[in-house]
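Close look at the chain arrangement
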Amino acid sequence: LQSVVCADCPIPEIWMREMGDYVVAVGFLTSTFSEKFLERTNGGCPKLGSTIMLKQLSEVLGLSYDGLSEALVDTRVCEWDIGYMYPKVGMETSRHLVDLAAPMDNVLFAGESTNTNACSTVQAAMDTGLRAAHQAQGLLSSSTRVSGEDSSPHEHYAQTVKGQC
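This write-up is about the structure you can find in this document.

So, how was this worked out
- Residues numbered from 1 in each chain as written.
- Predicted model: local features only at pLDDT ≥ 70, side-chain atom pairs only at ≥ 80, totals over all residues.
- Heavy atoms only, no water.
- Helix = DSSP H or I, 4+ residues; strand = E, 2+ residues; numbered from the N terminus.
- Expected span 1.5 Å × (residues − 1).
- Buried < 20%, exposed > 50% of the residue type's maximum accessible area, 1.4 Å probe, protein only.
- Salt bridge = Lys/Arg side-chain N within 4 Å of Asp/Glu carboxyl O.
- Disulfide = S-S within 2.5 Å.
- Pairing = 2+ DSSP bridges.
- Core = buried A, V, L, I, M, F, W, Y, C linked by side-chain atoms within 4.5 Å.
- Contact = heavy atoms within 4.5 Å.

The next subject is helix α5 (residues 122–141). Here α5 is 20 residues long and its end C-alpha atoms lie 29 Å apart, about the 28 Å a rise of 1.5 Å per residue gives. Those residues of α5 that sit buried are Q123, A124, M126, D127, T128, R131, A132, Q135 and G138.

Following this line, the structure appears as structure tokens:
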């Protein structure tokens, strides 16, 4: 399961990404959804935020709320006022993204705008963080130049929940 989209729910988009033994679930809210969420959670209280997300996932996916609550390891609520990358008309997407992702000597790049398979999502940013970590390991263990291409974005998703920013 990669994402849950529910335009009429408190959290209109929930993205999921497997990270080792856990699944990170990220709620994406903008505009009035974000404002209402902050009101409902007393300014972003993690416990209230996770309750809202778990109840929504329980209802939408038909899963046990208690089971989801027991699987929850941690919750973070982050609010930021920054933009994100999106492909422009006429952009040679794959070539431009490979160029953005390409290491420059010992300098590595990560972030959703450097994902060579999918951009504009938190999952894309997480994938590139993992890619950069593997590249750094490669640089530390050998002098071989590393590639900027993502090899396997969004491979595995599950329905367990771990919140993390």
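From this point on, the discussion continues.
Following the criterion strictly, the structure yields two salt bridges and no others. A salt bridge links R17 to D127; its shortest N-O distance comes to 2.5 Å. With R17 in strand β2 (residues 13–19) and D127 in helix α5, this residue pair connects regions lying 110 residues apart in the sequence. Judged by its relative accessible area of 8%, R17 falls in the buried class. We classify D127 as buried; its relative accessible area is 6%. A salt bridge links R76 to D74; its shortest N-O distance comes to 2.5 Å. Using a relative accessible area of 48% as the deciding quantity, one classes R76 as partly exposed. A residue is classified by how much of its surface remains accessible, and D74, at 27% relative accessible area, is partly exposed.

As a further point, take the state of the cysteines. In the structure shown here, the tally under the stated rule is zero disulfides. Unpaired in terms of disulfides, C9 finds its nearest cysteine sulfur in C6, a separation of 4.0 Å.

This brings us to the pairing of strand β3 (residues 22–28). Burial of β3 is extensive: five of the seven residues sit out of reach of the surface. Pairing analysis gives seven bridges linking β2 to β3, with the strands arranged antiparallel. In the sheet register, M16 faces β3, and the bridge partner there is A25. Between the end of β2 and the start of β3, which pair antiparallel, lie two residues, with G20 showing a positive phi angle near 65°.

This next bit is on the nonpolar core. Judged by nonpolar contacts, the single largest core of 15 residues is most densely connected at V4, I11, I14, M16, M53 and L57. Among the elements that make up this core, the one with the highest residue count is helix α2 (residues 46–61) (four residues). When sequence neighbours within four positions are dropped, the list of residues in contact with I11 reads C6, G27, F28, L29, F37, I52, M53 and Q56. Core analysis: the next-biggest nonpolar cluster, separate from the first, contains five residues, W15, V24, F28 and M126 among them.

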